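Reading the structure
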Amino acid sequence: MLGSLKEKLVKTSQSLRQKFEDLLKSGKSRDNILEELAEVLILADMGISSTDKIILSLREKTQKDDHFPEIQKVLQEKLVDILGQYPPELSISSSPAVIMMVGVNGGGKTTSLAKLAYYFRDKGKKVLLVAADTFRAAAQEQLAVWGKRLNIPVIRGQYGADPAAVVYDALQSFEAQGYDVLLVDTAGRIHTNTNLMNELEKIRRVIAREIAGAPHEILLVLDSTIGQNALAQAREFLKFSGITGIFLTKLDGTAKGGSVVSIVDELKLPIKFIGIGEDVQDMLPFSPRQFVNALIS
Ligand SMILES: Nc1nc2c(ncn2[C@@H]2O[C@H](COP(=O)(O)OP(=O)(O)OP(=O)(O)O)[C@@H](O)[C@H]2O)c(=O)[nH]1
Ligand SMILES: [Mg+2]
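Residues numbered from 1 in each chain as written. Chains lettered and ligands numbered in written order. Predicted model: local features only at pLDDT ≥ 70, side-chain atom pairs only at ≥ 80, totals over all residues. Heavy atoms only, no water.

1. Some points on the pattern of salt bridges
Counted according to the given criterion, the structure contains 14 salt bridges. The salt bridge involving K250 is made with D223; its shortest N-O contact spans 3.3 Å. Taken together, the positions of K250 in the loop between β6 (245-249) and α11 (259-267) and D223 in strand β5 (residues 217-223) put the pair 27 residues apart, joining distant regions of the chain. Since its relative accessible area comes to 12%, D223 is described here as buried. Each member of the salt-bridge network shares a partner with another, and the members are R30, D31, R59 and K64. (Salt bridge = Lys/Arg side-chain N within 4 Å of Asp/Glu carboxyl O. Helix = DSSP H or I, 4+ residues; strand = E, 2+ residues; numbered from the N terminus. Buried < 20%, exposed > 50% of the residue type's maximum accessible area, 1.4 Å probe, protein only.)

Dropping the structure here:
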C-alpha cells in the first residue's frame, strides 16, 4: 500500500526528494538548512503560515549543530502531528449511516462518492446512492453509470426537481429496505452561490428530520491540483454548517500535494479520504503517518 501511494504521490515527492538530497549533500548548518527548507515547503504548497509554524517548531526542537538527517526526522514528526490534529477516522460506528458529499463543480464529488460506495460494499455494507444533483441533467446519468458498474441501486430525480425532495424519497427506500449506508451526491456550482448553500442546508435538514443523528458525515470534496485556491473555496463552504471532514481528490496529478498540510492546519478539519486516481479503487482512508512516509521518507 505504501509502495503504491508513493508512486501516486510521485509528482509532489519527486521535487521534495531532490531538494532534500541537495540539502543532505550540502553539509550546511542548521540555520541555513531551515531557511532553504522554508522555501521548499512553500513550493510544495504547504502555505506560508503553516510553513512558518513548522520552521519555528524545527528551530525549537533541533540543536544548532544538527545536520539534515536529524532535521528531517523532526520535520516528519511535525508533519504527522499537524495532519493528525483532528481524528481522520469516519464517525460512523453503526448502521444506518448517511454521508453527504459537497463541493464546487468538477472537484470530484461524484467520482469520490462512487469510490466510497465501492469501499463500503467491499466491507459487506448494503449501499444506496442518491443523485441529489438535479441541476445538471448529465449528473444523474453519471451516477447511474457508476451504480450499474458497481451493481448498487441509485435513486434519481427529474431534471430540475427539488433535490431535497429527491433525498426525501431516497430516505424512504433507505429505511424501508434496510440499507446500511446512504451516499448523497449534490450539485456543484460556483461556491459563492447562496442558492446552493440554501439547497444544501435544506437537504441536510430533511436528512436530520428523518434519521436521528444523520447526516453522520458531510464531506467537503476538494481538488488538490488547485493547491492554495482550494482553501478559499473551502472557506465559502464552511459557511454551510456541519462539514465533518475533507475528501481530498486528484493527489495523483499534482505537485501541490503539500497543500494537505495547510488544508488541515487552516481549516481545522481532518482529511478523511484521499483520491489518487480515476478508478473506484483509487482511494485511501487518510493516514497521516503513511502519507508523510510516502511523501518524504
Ligand atoms: N486523476 C484523478 N482524477 C480524478 C480524481 N477524482 C476525480 N477525478 C476526475 O475529476 C473529474 C471530475 O470529477 P467528478 O466526480 O465528475 O466531479 P464533480 O465534483 O462531481 O463535478 P460536478 O458534478 O460537475 O460538480 C472526472 O474526470 C474524474 O475522473 C482523482 O483522485 N484523481
Ligand atoms: Mg458530480
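2. Things to note about the site of ligand 1
Among the 19 residues in the neighbourhood of ligand 1, the closest are listed as K109, T110, T111, D252 and E278. The contact in question runs from an oxygen atom of ligand 1 to an N or O atom on the side chain of T110, over 2.8 Å. Burial of ligand 1 by the protein amounts to 81% of the accessible area it has alone, namely 650 Å². Among the elements that line the shell around ligand 1, the one with the most residues is helix α6 (residues 109-122), at four residues. Taken together, the residues of the shell around ligand 1 sort by class into two nonpolar, ten polar and seven charged. (Near = heavy atom within 4 Å. Polar contact = N/O pair within 3.5 Å; in protein donor to acceptor, adjacent residues only side chain to side chain. Areas by Shrake-Rupley, 256 points an atom, 1.4 Å probe, with all protein chains shown as cover. Nonpolar A, V, L, I, M, F, W, Y, C, P; charged D, E, K, R; others polar.)

3. Some points on the side chain of D180
Take D180: it is sitting in the loop between α8 (163-176) and β4 (181-186). Buried and unpaired, D180 has K125 as its nearest opposite-charge partner, separated by 5.6 Å. Those residues in contact with D180 that sit more than four places away from it in its chain are S95, P96, A97, G124, K125, K126 and F174. (Lys, Arg positive; Asp, Glu negative; His and termini not counted. Contact = heavy atoms within 4.5 Å.)

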